[in-house]
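Understanding the architecture of this molecule
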Amino acid sequence: MAIELPALPYADNALDPHISARTISFHYGKHHAAYVKNLNGLIEGTDQADSSLEDIIAVASPGGLYNNAAQVWNHTFYWNCMTPGGGGNPSGDLAAAIDASFGSADEFKSQFKAGAVGNFGSGWTWLVKDGSGLAIVKTDDADTPIKHGQTPLLTIDVWEHAYYLDYQNARPAYVDTFIEKLINWEFVAGNFAG
Ligand code: MN3
């Protein structure tokens, strides 16, 4: 049973003008799809051919298999972290947890932005549940927190392919827009509730 490319949770132009249909066409239609295709090529005919994506990530050693599996998982999670008309602030238990770990929603946003802007090269910036509290972590390249015992709540893709067509080299503007206009706080709250 091959790993499938999940459908986007919205139309390819739904995040316009913040993330254009053109970016989605490459990022989802080419990059994400290629990770799925590469992964299926790597597991075909092996004893992992019928494994779940999460099981492959859990057992894979550093290298191509891990990188492609983690990128499939990370991108599916990233698409769900955004929604048309997103942004605003967290509420309920999630808001209380963010206040407890960061002081306030604004302080969380400030630290998340600093993490994403300062994430050198290609990678991901995450809000995770880690032990008793929440933390902002950065991963390089394909690496994913689910490999490291953390529960991802939110992520932003800071590979250049995520923003270059819309923002060129202005990563801070992309990060600001993600935070203010795109975050799907309902999805984040669902991940927090587990
Ligand atoms: Mn990407």
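Quick caveat: nothing in here was measured; it's all calculated off a predicted structure.

Looking now at the packing of helix α1 (residues 21–43) against helix α3 (residues 64–80). Where α1 meets α3, the closest approach of the two axes is 9 Å, and the angle between their N-to-C directions is 145°. The two elements α1 and α3 meet at a crossing, and its hand is left-handed. Seen from α1, the contacting residues are Ile24, His27, Tyr28, His32, Tyr35, Val36, Asn38, Leu39, Leu42 and Ile43; seen from α3, they are Gly64, Leu65, Asn68, Ala69, Gln71, Val72, His75, Thr76, Tyr78 and Trp79. Grouping the constituent residues of the contact of α1 with α3 by class yields twelve nonpolar, eight polar and no charged.

With that settled, the discussion passes to the pattern of salt bridges. Scanning all chains against the criterion turns up one salt bridge. The shortest N-O distance in the salt bridge between Lys113 and Asp176 comes to 3.1 Å. With Lys113 in helix α5 (residues 105–117) and Asp176 in helix α7 (residues 171–182), the pair connects residues that are 63 residues apart, well separated along the chain.

Moving on, we get to the pairing of strand β3 (residues 151–157). When you tally the buried positions in β3, you get six out of seven residues, the bulk of the element. Relative to β3, strand β1 (residues 123–130) is paired through six bridges, and the arrangement is antiparallel. Counterpart to Leu127 in the pairing with β3 is Leu154.

Below, the discussion takes up the packing of aromatic side chains. Any aromatic ring pair is given by two values, namely how distant the centres are and how the planes are angled relative to each other. With the rule as written, the count across this model stands at 15 aromatic pairs. Summarising the aromatic geometry, the rings of Tyr78 and Phe178 are spaced 6.4 Å apart at their centres and angled 5° between planes, so their arrangement reads as stacked. Note that Tyr78 is positioned in helix α3 and Phe178 in helix α7, a separation of 100 residues in sequence. Overall, Tyr78 belongs to the buried group, its relative accessible area being 0%.

The subject of this paragraph is the domain arrangement of the protein chain. For the protein chain, the assigned domains read domain 1 (21–80) and domain 2 (92–193). Between the C-alpha centres of domain 1 and domain 2 there is a distance of 20 Å. At the interface, 20 residues of domain 1 touch 25 residues of domain 2. Between domain 1 and domain 2 the total buried area reaches about 1800 Å² when both faces are included, carbon and sulfur atoms providing 64% of it. Sorting the residues of domain 1 by area buried against domain 2 places Thr23, Phe77 and Tyr78 first, and these three jointly supply 34% of that buried surface.

Procedures and definitions
- Residues numbered from 1 in each chain as written.
- Predicted model: local features only at pLDDT ≥ 70, side-chain atom pairs only at ≥ 80, totals over all residues.
- Heavy atoms only, no water.
- Axes fitted to C-alpha atoms, helices over the stretch in contact; angles between N-to-C directions.
- Helix = DSSP H or I, 4+ residues; strand = E, 2+ residues; numbered from the N terminus.
- Left-handed = near helix turned anticlockwise from the far one by under 90°.
- Contact = heavy atoms within 4.5 Å.
- Nonpolar A, V, L, I, M, F, W, Y, C, P; charged D, E, K, R; others polar.
- Salt bridge = Lys/Arg side-chain N within 4 Å of Asp/Glu carboxyl O.
- Buried < 20%, exposed > 50% of the residue type's maximum accessible area, 1.4 Å probe, protein only.
- Pairing = 2+ DSSP bridges.
- Phe/Tyr/Trp six-rings, centres within 6.5 Å; stacked < 30°, edge-to-face > 60°.
- Domains from an automatic or database assignment.
- Buried area = accessible area lost by both parts, 1.4 Å probe.

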